[in-house]
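# Analysis of the macromolecular model
Each chain, written out:
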Amino acid sequence: MAKVLKCGDLNPGCKFEARGENEMEVLGAAAEHARTQHGMNTIPPEVISKARTLIHDERVENNP
């Protein structure tokens, strides 16, 4: 099951969602987004720790 992190959970108003097969893929996508869209050349350890707590399994909705 894919994992997801919603940037808006860390940075209110941002609609970006990082997805990956595991935590490392999600964090990598989120770090790239933070650099390119939020100007964060370095990401503080406390932000990484908080992001880890917000990563969750992506829900797949079954529409009949």
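This section reports on the structure supplied with the text. Fair warning: this is a prediction, and the values are worked out from it, not measured in the lab.

### Here's the deal with the environment of Ala30
- Counting through the fold element by element, Ala30 comes out in helix H1 (residues 23-38).
- Judged by its relative accessible area of 18%, Ala30 is buried.
- Remark: the alpha-carbon pair of Ala30 and Val4, spanning 26 residues in sequence, is separated by 9.7 Å.
- Once residues lying within four places of it in the same chain are set aside, the contact partners of Ala30 are Leu5, Phe16 and Ala18.

### Quick word on the sheet that holds strand S1 (residues 3-6)
- What the 3 strands build is an open sheet, ordered S2-S1-S3; its pairing is antiparallel. Whereas interior strands pair on both sides, the edge strands pair on one side only; in this sheet they are strand S2 (17-20) and strand S3 (56-57).
- Across 2 bridges, S1 lies against S3 in antiparallel orientation. Across the sheet, the residue bridging to Val4 is His56, located in S3.
- Each of S1 and S2 touches H1; the most contacted strand, S2, lies at about 145° to it.

What counts, and at which threshold
Residues numbered from 1 in each chain as written. Predicted model: local features only at pLDDT ≥ 70, side-chain atom pairs only at ≥ 80, totals over all residues. Heavy atoms only, no water. Helix = DSSP H or I, 4+ residues; strand = E, 2+ residues; numbered from the N terminus. Buried < 20%, exposed > 50% of the residue type's maximum accessible area, 1.4 Å probe, protein only. Contact = heavy atoms within 4.5 Å. Pairing = 2+ DSSP bridges. Axes fitted to C-alpha atoms, helices over the stretch in contact; angles between N-to-C directions.

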